[in-house]
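Tertiary structure, described
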Amino acid sequence: MGAELRRLSEIDRLIHEPARLMIMAILSAVESADFLYLQHETGLTRGNLSAHLSKLEEAGYVKIEKTFKGKLPLTICELSSDGQRALAQYRLQLQQFITSTQ
C-alpha cells in the first residue's frame, strides 16, 4: 500500500483544492462561463473566486477574457487545452489511487 499512497502525493495539488476542482469541473462541462455564473454555481465570494481563477490562469489551466457587455464589465472564463489535459490526468491519477486501494 505504501507505493499507492506515494502516488497520491504526485496528484496536481493546484487542482486538488476543492474550490479550484469545482471551477475546473464546471468549466470542463461548458464552452465558457462568465464570472457571475461561476460565482453562483460554486457559492464562492467574489474575492475567493477571483483568487482561485488567478491561480488557475497563472498555471495556464484557465483562459480569462475581460470585456464589457454594454457598459458593464464581463469576465469570461474557459478551460485551456492545458487545463483539459491537467484535469484528465488528475481524474486518472485519482481513479488509479482509488482502484489500487480497494
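In case you missed it, the structure is sitting above this.
Described below are features of the structure shown in this document. Computed from a predicted structure; not experimentally measured.

Before going further, it helps to examine the overall build of the protein chain. Each helix and strand counted, the protein chain has 6 helices and 3 strands in total. In sequence order, the secondary structure elements of the protein chain are arranged as α-α-α-β-α-α-β-β-α. Here the protein chain, with 102 residues, has 30% of them falling under the buried criterion. Here the analysis covers contacts within the protein chain between residues at least 6 apart in sequence; of these, 54% occur between residues at least 24 apart.

A few words on the packing of helix α3 (residues 18–28) against helix α6 (residues 81–100). Close contact between α3 and α6 brings their axes to 11 Å; oriented N to C, the two are set at 115°. One finds that α3 runs roughly perpendicular with respect to α6. Helix-helix and strand crossings are classified by hand; for α3 and α6 the assignment is left-handed. For the pair α3 and α6, contact is made by L21, M24, A25 and S28 and by G83, L87, Y90 and R91, respectively.

Our focus in this paragraph is the side chain of T42. You can see T42 is positioned in helix α4 (residues 35–42). Residue classification places T42 among the buried positions, given a relative accessible area of 11%. At 2.7 Å, the side chain of T42 and the backbone oxygen of L38 are in polar contact. Sequence-distant contacts of T42, defined by excluding residues within four places in its chain, comprise M22, I23 and I26.

Attention shifts here to the packing of α3 against helix α5 (residues 46–58). Direction vectors running N to C along α3 and α5 enclose 70°, while the axes themselves pass 10 Å from each other. Compared by their axis directions, α3 and α5 come out roughly perpendicular. Two secondary-structure elements touch here, α3 through A19, R20, I23 and M24 and α5 through L49, H52, L53, K55 and L56. Looking at the contact of α3 with α5 residue by residue, the classes come out as 6 nonpolar, 1 polar and 2 charged.

Inspection of the secondary structure assignment puts R6 in helix α1 (residues 2–8). Judged by relative accessible area, which is 56%, R6 ranks as exposed. Between the alpha carbons of R6 and A88 there is a distance of 20 Å; along the sequence they are 82 residues apart.

For the rest of this paragraph, the subject is α3. Among all positions of α3, only A19, R20, I23, M24, I26 and L27 are buried. Down the axis of α3, the buried side of the element spans an arc of 165°, and every buried residue falls inside it.

Parameters and conventions
Residues numbered from 1 in each chain as written. Predicted model: local features only at pLDDT ≥ 70, side-chain atom pairs only at ≥ 80, totals over all residues. Heavy atoms only, no water. Helix = DSSP H or I, 4+ residues; strand = E, 2+ residues; numbered from the N terminus. Buried < 20%, exposed > 50% of the residue type's maximum accessible area, 1.4 Å probe, protein only. Contact = heavy atoms within 4.5 Å. Axes fitted to C-alpha atoms, helices over the stretch in contact; angles between N-to-C directions. Parallel < 35°, antiparallel > 145°, perpendicular 65-115°, else oblique. Left-handed = near helix turned anticlockwise from the far one by under 90°. Polar contact = N/O pair within 3.5 Å; in protein donor to acceptor, adjacent residues only side chain to side chain. Nonpolar A, V, L, I, M, F, W, Y, C, P; charged D, E, K, R; others polar. Arc of directions from axis to C-beta.

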